[in-house]
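# Summary of structural features
Here is how the chains run, residue by residue.
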Amino acid sequence: RYLASLRYMLALTPVHLTKAARRARELGDEPLAKHFEHKLVEEIGHDAWAEQDLRSLDAERAARTPDVTNGARELGAYLERRIDENPVYWLAYAAFAEYITVMKGPEWLELLETKCGIPRSSMTAVDKHVELDREHAEEGFAVIDDFVGDPSMLPLMRQVMAESMAHFDAYCAEAV
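This write-up is about the structure you can find in this document. Source: prediction; values computed, not measured.

What counts as what
Residues numbered from 1 in each chain as written. Predicted model: local features only at pLDDT ≥ 70, side-chain atom pairs only at ≥ 80, totals over all residues. Heavy atoms only, no water. Salt bridge = Lys/Arg side-chain N within 4 Å of Asp/Glu carboxyl O. Helix = DSSP H or I, 4+ residues; strand = E, 2+ residues; numbered from the N terminus. Buried < 20%, exposed > 50% of the residue type's maximum accessible area, 1.4 Å probe, protein only. Core = buried A, V, L, I, M, F, W, Y, C linked by side-chain atoms within 4.5 Å. Contact = heavy atoms within 4.5 Å. Axes fitted to C-alpha atoms, helices over the stretch in contact; angles between N-to-C directions. Parallel < 35°, antiparallel > 145°, perpendicular 65-115°, else oblique. Left-handed = near helix turned anticlockwise from the far one by under 90°. Nonpolar A, V, L, I, M, F, W, Y, C, P; charged D, E, K, R; others polar. Patch = residues over 30% accessible without salt bridge, like charges linked within 9 Å, V, L, I, M, F, W, Y side chains within 5 Å. Areas by Shrake-Rupley, 256 points an atom, 1.4 Å probe, with all protein chains shown as cover. Phe/Tyr/Trp six-rings, centres within 6.5 Å; stacked < 30°, edge-to-face > 60°. Lys NZ or Arg CZ within 6 Å of the ring centre and 35° of its normal.

## Some points on the pattern of salt bridges
Evaluated as defined, the whole model comprises 16 salt bridges. Lys-19 is the salt-bridge partner of Glu-80, the closest N and O atoms lying 3.5 Å from each other. Of this pair, Glu-80 sits in helix H5 (residues 70–85) while Lys-19 sits in helix H1 (residues 2–26); the two residues are 61 residues apart in sequence, bridging distant segments of the chain. We classify Glu-80 as partly exposed; its relative accessible area is 32%. Of the residues examined, Lys-19 reaches a relative accessible area of 16% and is grouped as buried. Here Asp-67 ties to Arg-73 by a salt bridge, and the two come within 3.1 Å at their closest N and O atoms. Residue classification places Arg-73 among the partly exposed positions, given a relative accessible area of 33%. What you see here is one network of salt bridges that share partners, running through Arg-25, Glu-30, Lys-34 and Glu-37.

As structure tokens, then:
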């Protein structure tokens, strides 16, 4: 269930980035649009990792893999609404998602293997993101500084990050 939901979220990332680039252009923010387009190139195809992970699980476990959690669907819809309001909000979500992946991903992988019997080789979508997001996690907050020059936006960015965390928490709780 976790992997099905992760695959869903990874498949939505290019959709969200495309929408965010288009919305940034509508608002006259070409540098932000170009940033999202650059990120888009980096993120395409990551859902295939989760798809392969699902296939790599034994047949019995894979047959029991339920659909995407409601929490993941709600997180995806929430991000889409926020992008419509202001595409810069996606940066707050990305900073959180990349940071949490780097900080907690290794422990998550170890627990899945030792406590649930899910081999690390069946969690490449997480494992690869732990490595890939290391640099992004360091840059995430600097990127916000680069694209959010108005200090009055800071409380809104914090709100989006907090709401993203709450949605992510619900998605994870539902998956486990």
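## Details of the nonpolar core
Residues Leu-6, Met-9, Phe-36, Val-88, Leu-91, Met-123 and Met-157 are the most contacted members of the largest nonpolar core, which totals 50 residues. At the level of secondary structure, the elements contributing two or more residues to this core comprise H1, helix H2 (30–43), helix H3 (46–56), H5, helix H6 (89–116), helix H7 (124–147) and helix H8 (154–175). Ignoring sequence-local partners within four residues, the contact set of Met-123 consists of Tyr-2, Leu-3, Asp-53, Trp-108, Leu-109, Leu-112 and Ile-118.

## A few points about the packing of H6 against H7
The interhelical angle for the contact between H6 and H7, taken along N-to-C directions, is 150°, at an axis separation of 7 Å. Classified by the angle between their axes, H6 and H7 sit roughly antiparallel to one another. For H6 against H7, the interelement crossing comes out left-handed. Considered class by class, the residues forming the contact of H6 with H7 number 15 nonpolar, 5 polar and 4 charged.

## A closer look at a nonpolar patch on the surface
Together, Tyr-99, Met-103 and Phe-141 make up a nonpolar patch on the protein surface, roughly 310 Å² of accessible area in all. Checked against the element boundaries, Phe-141 lands in helix H7.

## Some points on the side chain of Arg-82
With respect to the helices and strands, Arg-82 occurs in helix H5. Not counting residues within four places of it along the chain, the set of residues in contact with Arg-82 comprises Pro-87, Tyr-89, Gln-159, Val-160 and Glu-163.

## Considerations on the packing of aromatic side chains
Scanning the model with the defined rule gives 6 aromatic pairs in all. Both rings, one in Tyr-2 and one in Tyr-171, keep their centres 6.5 Å apart while their planes meet at 10°; by these two values the pair is stacked. Here Tyr-171 lies in helix H8 and Tyr-2 lies in helix H1, a separation of 169 residues in the sequence. Residue Tyr-2 shares its accessibility class with Tyr-171, and that shared class is buried. Here Phe-96 and Phe-168 contribute two aromatic rings whose centre-to-centre distance is 5.4 Å and whose plane-to-plane angle is 80°, an arrangement assigned as edge-to-face. Pair noted here: Phe-96 is in helix H6 and Phe-168 is in helix H8, with a separation of 72 residues, a long-range link. The buried category is assigned to Phe-96, whose relative accessible area is 8%. What makes Phe-168 partly exposed here is its relative accessible area of 24%. Seen from the ring of Tyr-8, Arg-73 lies directly overhead, with NZ or CZ sitting 5.2 Å from the centre. One Lys or Arg, Arg-82, reaches over the ring of Tyr-89 and ends 5.2 Å from the middle of that ring.

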